[in-house]
Amino acid sequence: MALDLDFVRSQFPALAGEWVFMDNAGGSQVLSRVAERVSDYLLTTNVQTGASYAPSLKSTERVREARKAYARFMNASDASEIVMGASSTALFRYLSEAMTGKLAPGDEIILTNADHEANIGPWLKHQERGVVVKFWNVDAETFELELDDLKDLLTERTKLVCVTHASNILGTINPIAEISAIAHAAGAEVVVDAVAYAPHRAIDVEALGCDYYVFSSYKVFGPHFAVMWGRKDKLLALDNIYHFFMSKESVPHKLEPGNINYEAAWGAIGAVDYVEELGQKADAEKGRAAVEAGFAGIAEQERAITQRLMDFLDSRNSVRIIGRRSSALADRVATVSFTVEGQDSRAVVDAVDAAKIGIRHGHFYAYRLIDDLGLMPQGGVVRVSMVHYNTLAEVDRLVAALEPKL
């Protein structure tokens, strides 16, 4: 399916300006329909949920609809498996706190050095209670997380494997279903950071086989907001981290301290509706089928623009691509990082700024990976993070801006 790019770009008001946005892994542009929904909530149903009067009943139903929308988006079977929060960073911290009762001294957690710090820092805190943390590290030459290395780390005391679905530096798509099967065979649960994956491919948590799956809606065309899916039996087994009088069976509310941002929840539905509309334009039936069809179009558009950029970078002897060199759909998302021989990464980005193209340099909160790869002294990597509303013409504009520096 070829996306109707005129339609796509018309849905994002910011794209009508003079800037090209290629820092989307830091936050995508927002759909007009999302902003309209946020405004509508605040102006018409801005009351506390759970009361008996009509506006509160409507507000309650709107939040319930948000859970249903994201259950459909992730192919979850039960909307009560959707936990909502301010950010993925916050949700990982909530999840870590709620697992305190499940983790005893001597238990083990496996983390990767490829993850955003959001899926590392909260788990390290359990070391204070005698929990053992091990790191599954990226091969410094191939940039891969080798499954054999994971198998070597697993023991009968391993309780958790925490891993990213797609690296926000490497762009690599990790085989979550395979990782889940390996971890489960050893008796461990799997926590997945999907922030860098969710804007690019359809999510199917049942097929992935993991236990917890987290991403931020502001990376997926929505407001500053985040969602976590967890298997119902796993959520029920977690500690209550809200008020003492809430029961352990109060799922998902026991994991949403302070309540959620209601207007963001209502607004975020607009992003799900948008992907479904893309799928319906390809003659898919509304619902899960449309989500999958919409992402099929998104993925193909991103493959084309990634290939255009990779072809250019591959042609420059001074450039080292940090990650897989393939643009195949199974291999990577449209996040491409590189370094330039003899140049600080900031200098490369500064040159592009002048062309009114938004990219970025640094460690992108995957500090441990950049440090382990020895890239800190040159300012980390240059990262170009694209999504489906970027065009071949915009990539050509980026190439023209980069060419004198490479």
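The shown structure was predicted, so the numbers you read here are calculated from the model rather than taken from an experiment.

Calculation rules
- Residues numbered from 1 in each chain as written.
- Predicted model: local features only at pLDDT ≥ 70, side-chain atom pairs only at ≥ 80, totals over all residues.
- Heavy atoms only, no water.
- Helix = DSSP H or I, 4+ residues; strand = E, 2+ residues; numbered from the N terminus.
- Rg over C-alpha atoms; globule rule 2.2 N^0.38 Å.
- Buried < 20%, exposed > 50% of the residue type's maximum accessible area, 1.4 Å probe, protein only.
- Contact = heavy atoms within 4.5 Å.
- Areas by Shrake-Rupley, 256 points an atom, 1.4 Å probe, with all protein chains shown as cover.
- Lys, Arg positive; Asp, Glu negative; His and termini not counted.
- Charge placed at Lys NZ, Arg CZ, Asp CG, Glu CD.
- Polar contact = N/O pair within 3.5 Å; in protein donor to acceptor, adjacent residues only side chain to side chain.
- Core = buried A, V, L, I, M, F, W, Y, C linked by side-chain atoms within 4.5 Å.
- Domains from an automatic or database assignment.
- Arc of directions from axis to C-beta.
- Pairing = 2+ DSSP bridges.
- Axes fitted to C-alpha atoms, helices over the stretch in contact; angles between N-to-C directions.
- 1 Å grid on protein atoms, 1.4 Å probe; cavity = no way out; pocket = protein on both sides within 12 Å on 5 of 7 lines; lining within 4 Å.
- Points joined across faces, edges and corners; volume = space filled by probe spheres on them.
- Nonpolar A, V, L, I, M, F, W, Y, C, P; charged D, E, K, R; others polar.

### A word on the overall build of the chain
Summing up its helical and strand segments, the chain has 14 helices and 13 strands in all. For the chain, the C-alpha radius of gyration of 21 Å lies close to 22 Å, the compact-globule estimate for 406 residues. Principal axes of the C-alpha set define a box for the chain whose edges measure 65 × 50 × 35 Å. Counting the 406 residues in the chain, one finds 57% classified as buried. The long-range share in the chain, meaning contacts at least 24 apart out of those at least 6 apart in sequence, stands at 68%. Only carbon and sulfur atoms are counted for the fraction: they give 50% of the accessible area of the chain, which is about 15600 Å². Computed over 41 positive and 55 negative side-chain charges, the inter-centroid distance for the chain is 3 Å.

### Quick notes on the side chain of T158
Looking at where T158 falls in the secondary structure, it is placed in strand β5 (residues 158-164). Of the residues examined, T158 reaches a relative accessible area of 1% and is grouped as buried. In this structure the side chain of T158 is engaged in a polar contact, spanning 3.3 Å, whose partner is the side chain of E108. A distance of 2.9 Å separates a polar side-chain atom of T158 from the backbone nitrogen of T155. Contact partners of T158, with chain neighbours within four places excluded, come to E108, I110, L153, A186, G187 and A188.

### Overview of the nonpolar core
Membership of the largest hydrophobic core comes to 83 residues, with the highest contact counts inside it found for Y70, F73, M74, Y213 and F215. When residues in this core are grouped by element, the largest group, 11 residues, is from helix α10 (residues 262-280). Taken domain by domain, this core gets at least three of its residues from each of domain 1 (5-29 + 295-403) and domain 2 (34-271). Apart from the residues within four sequence positions on either side, Y70 is in contact with I82, F215, S217, V227, A268, A271 and V272.

### Some points on helix α12 (residues 345-353)
Burial in α12 covers these residues: S345, V348, V349 and V352. Buried positions in α12, seen along its axis, are confined to an arc of 95° and lie on one side of it. Where α12 is buried, its residues meet β10 (335-340), β11 (357-358), β12 (360-362), β13 (381-385) and α14 (392-402). Sitting at the amino-terminal end of α12 is D344, which places a side-chain oxygen 2.8 Å from the backbone nitrogen of R346.

### Thoughts on the sheet that holds strand β2 (residues 82-85)
Pairing is mixed across the open sheet formed by seven strands, whose spatial order is β2-β8-β7-β6-β5-β3-β4. Of all the strands in the sheet, the pair left with one neighbour each is β2 and β4 (132-136). Across the sheet, the axes of successive neighbouring strands diverge by a mean angle of 20°, strand direction being ignored. Contacts from helix α3 (residues 54-74) reach β2, β7 (212-216) and β8 (226-230) within the one sheet, and its direction differs from that of β2 by about 115°.

### Looking at the layout of surface pockets
Quantified by volume, the largest pocket comes out at close to 450 Å³. Lining the largest pocket are 28 residues, with H116, N168, K219, F364 and Y365 positioned closest to its centre. When contributions to the lining of the largest pocket are tallied by element, the ones reaching two or more residues are α4 (88-98) and β12. Per-class residue counts for the lining of the largest pocket are nine nonpolar, 13 polar and six charged. Two domains each put at least three residues into the lining of the largest pocket: domain 1 (5-29 + 295-403) and domain 2 (34-271). In terms of lining residues, the second largest pocket is bounded by 16 residues, among which T49, V63, R67, H253 and E256 are the most central.

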